[in-house]
Amino acid sequence: MFALAVTFDIVPADLDAFKAAMLINAKASLSTESGCRQFDVCMDPERPTEIFLYEIYDDEAAFDAHTKTTHYATLQSTTEGMVKDKNVRFFKEVHQ
């Protein structure tokens, strides 16, 4: 399994729109991508503009395929300018 964890720091005024776009992307990934195993989006009420995303794929190729989907491209274009900062970490070997 291959996973990535991303922490987004969102422009406060764009928080609701970002969350909606992220959930659309998550639902599309889970329903249309056979290699997408888990897609979690979390928030801490103490830090409302920080969103944590955790995704698990069968392998790195499945994740690369995800980055070429229409829903991923839509997420990228929709959320452009909403993200103040992003920290991405990849995990090559994940055991569920």
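Predicted model only: the values in this text are computed from it and were never measured. (Residues numbered from 1 in each chain as written. Predicted model: local features only at pLDDT ≥ 70, side-chain atom pairs only at ≥ 80, totals over all residues. Heavy atoms only, no water.)

Asks: In this structure, what is going on with the sheet that holds strand 2 (residues 36-44)? I would like to understand it.
Replies: Across a sheet, strands are paired by hydrogen bonds formed along the backbone, either parallel or antiparallel in direction. In space, the four strands of this open sheet follow the order 2-3-1-4, with antiparallel pairing throughout. Two strands bound the open sheet, and with one partner strand each, they are strand 2 and strand 4 (83-91). If you compare each strand with its neighbour and ignore which way they point, the axes differ by 15° on average. When strand 1 (residues 2-10) meets strand 3 (residues 47-57), the two strands line up antiparallel, connected through eight bridges. (Pairing = 2+ DSSP bridges. Helix = DSSP H or I, 4+ residues; strand = E, 2+ residues; numbered from the N terminus. Axes fitted to C-alpha atoms, helices over the stretch in contact; angles between N-to-C directions.)

Asks: How should the side chain of His66 be read in this particular structure?
Replies: Within the secondary structure layout, His66 lies in helix 2 (residues 60-66). Excluding its chain neighbours within four sequence positions, the residues that come into contact with His66 are Asn25, Ser29, Glu33, Glu55, Tyr57, His71 and Tyr72. (Contact = heavy atoms within 4.5 Å.)

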